Amino acid sequence: DIIGPLDEQSRAPLYQQLQRALRDAIADKRLAPDEALPPERDLAEEFQISRITVRKALDGLVNDGLLTRRQGAGTFVAARVEKNFSKLSSFSEDMISRGRTPHSVWLSRSTGAVTPEESMTLGLSPGTPVYRFNRIRFADGAPMALEYSTVPGFCLPSPEVVESSLYGALEKHGARPVRALQRLRAVLFTPEQAEMMGVPDKSAGLLIERRGFLKDGRPVEFTQSYYRGDAYDFVAELNSLT
Ligand code: 16G
C-alpha cells in the first residue's frame, strides 16, 4: 500500500483526502520522483471513489507541480521541480508542499537606500530606506536558486526579522504581497553564480523578476530569482478567454 488509506474520520472532500494521501506518499518518498502512479481506474477501485474524484485530485496536484502527465503514458511524480508560474507562493511554501526541506544561506542582509533603478521599478521616491536580502536557496541540501530581494523599509521593523522565510516575516507584519507582476527570462550563470549553484560554468538558468504589491497598491518587494535551468519547469493552467 504505497499510497496509504483515506482518513475515514475526515470531513474533507474525498478528492482532498486523496490529495493528502498522495502528498504524504511523495513526501515520504514512498512514491519516488519519476515513478508512475497506478492508472486512475485502479486508484478509483482501491479507494472506492469515482474516477471523476480521482481525476479532480490528480488535476490539482498536476497544477501544483507535484505530478506530471505524459501523453499516452500516464501520470508520474514530477522529477524536476514544477513550479506554478502564476501562483503567489514563496520558495519555502513551494518546497514544503513538495515534502522537501527548504533552507537558505545568507549572502547578505542589509539596510540601504533605494537605487535609481529600484526606485523606478518599485515606484519609490529616491532615498527611500530599503532592506536587501540576498540568499542561496536550498531544497533537501541541494542549491535550487539564487535570490536577491529588495523590500521597502516600511514593510518590516528591521531586516533581522527575516530568518528563514521572507513571506513568513511579511505576513507576520501584515505586509505579505497580494498581487505581483513577473517577468521570466533565460540567462547564463556567471562563474560566481555557477559556483554557488554547484553547476558547470555558463550553465543555463531562468531569471524571474517579481514585483509584489500590498492591497493598497504600495510595493512590497522586488526580487530577482535565478533558478537552475536543469532543475525547474514552470507550469501554468490557461483558460480560454470566453
Ligand atoms: C519566491 C518568490 C520571491 C519571494 C520568495 C519568498 C518567485 C518567482 N519568487 O521565490 O519573489 O521573495 O519566494 O520566499 O516565486 P521565502 O518566503 O521562502 O523567503
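Residues numbered from 1 in each chain as written. Predicted model: local features only at pLDDT ≥ 70, side-chain atom pairs only at ≥ 80, totals over all residues. Heavy atoms only, no water.

(A) Focus on the pattern of salt bridges. As enumerated under the stated definition, the model contains 18 salt bridges in all. Here glutamate 147 makes a salt bridge to arginine 137, at a shortest N to O gap of 2.9 Å. Of this pair, glutamate 147 sits in strand E6 (residues 142-152) while arginine 137 sits in strand E5 (residues 129-139); the two residues are 10 residues apart in sequence, bridging distant segments of the chain. Each of the two residues, glutamate 147 as well as arginine 137, counts as buried. One salt bridge connects glutamate 209 with arginine 185, and the closest N-O pair in it is separated by 3.8 Å. Residue glutamate 209 is found in strand E8 (residues 204-213), and its partner arginine 185 is found in strand E7 (residues 179-188); the two are separated by 24 residues along the sequence. Owing to a relative accessible area of 14%, glutamate 209 belongs among the buried residues under this scheme. Residue arginine 185 is classed as partly exposed on the basis of its relative accessible area, which comes to 41%. Overlapping salt bridges, with partners in common, bring together Glu40, Arg55, Asp59 and Arg69 in one network. (Salt bridge = Lys/Arg side-chain N within 4 Å of Asp/Glu carboxyl O. Helix = DSSP H or I, 4+ residues; strand = E, 2+ residues; numbered from the N terminus. Buried < 20%, exposed > 50% of the residue type's maximum accessible area, 1.4 Å probe, protein only.)

(B) Representation of the packing of helix H2 (residues 40-47) against helix H3 (residues 51-63). Their axes nearest at 9 Å, the elements H2 and H3 cross at an angle of 115 degrees. On the basis of the axis angle, H2 is roughly perpendicular to H3. Handedness of the H2/H3 crossing: right-handed. Facing H2, whose interface residues are Glu40, Arg41, Leu43 and Ala44, H3 presents Arg51, Val54, Arg55 and Leu58. Residues of the contact of H2 with H3, tallied by class, amount to 4 nonpolar, no polar and 4 charged. (Axes fitted to C-alpha atoms, helices over the stretch in contact; angles between N-to-C directions. Parallel < 35°, antiparallel > 145°, perpendicular 65-115°, else oblique. Left-handed = near helix turned anticlockwise from the far one by under 90°. Contact = heavy atoms within 4.5 Å. Nonpolar A, V, L, I, M, F, W, Y, C, P; charged D, E, K, R; others polar.)

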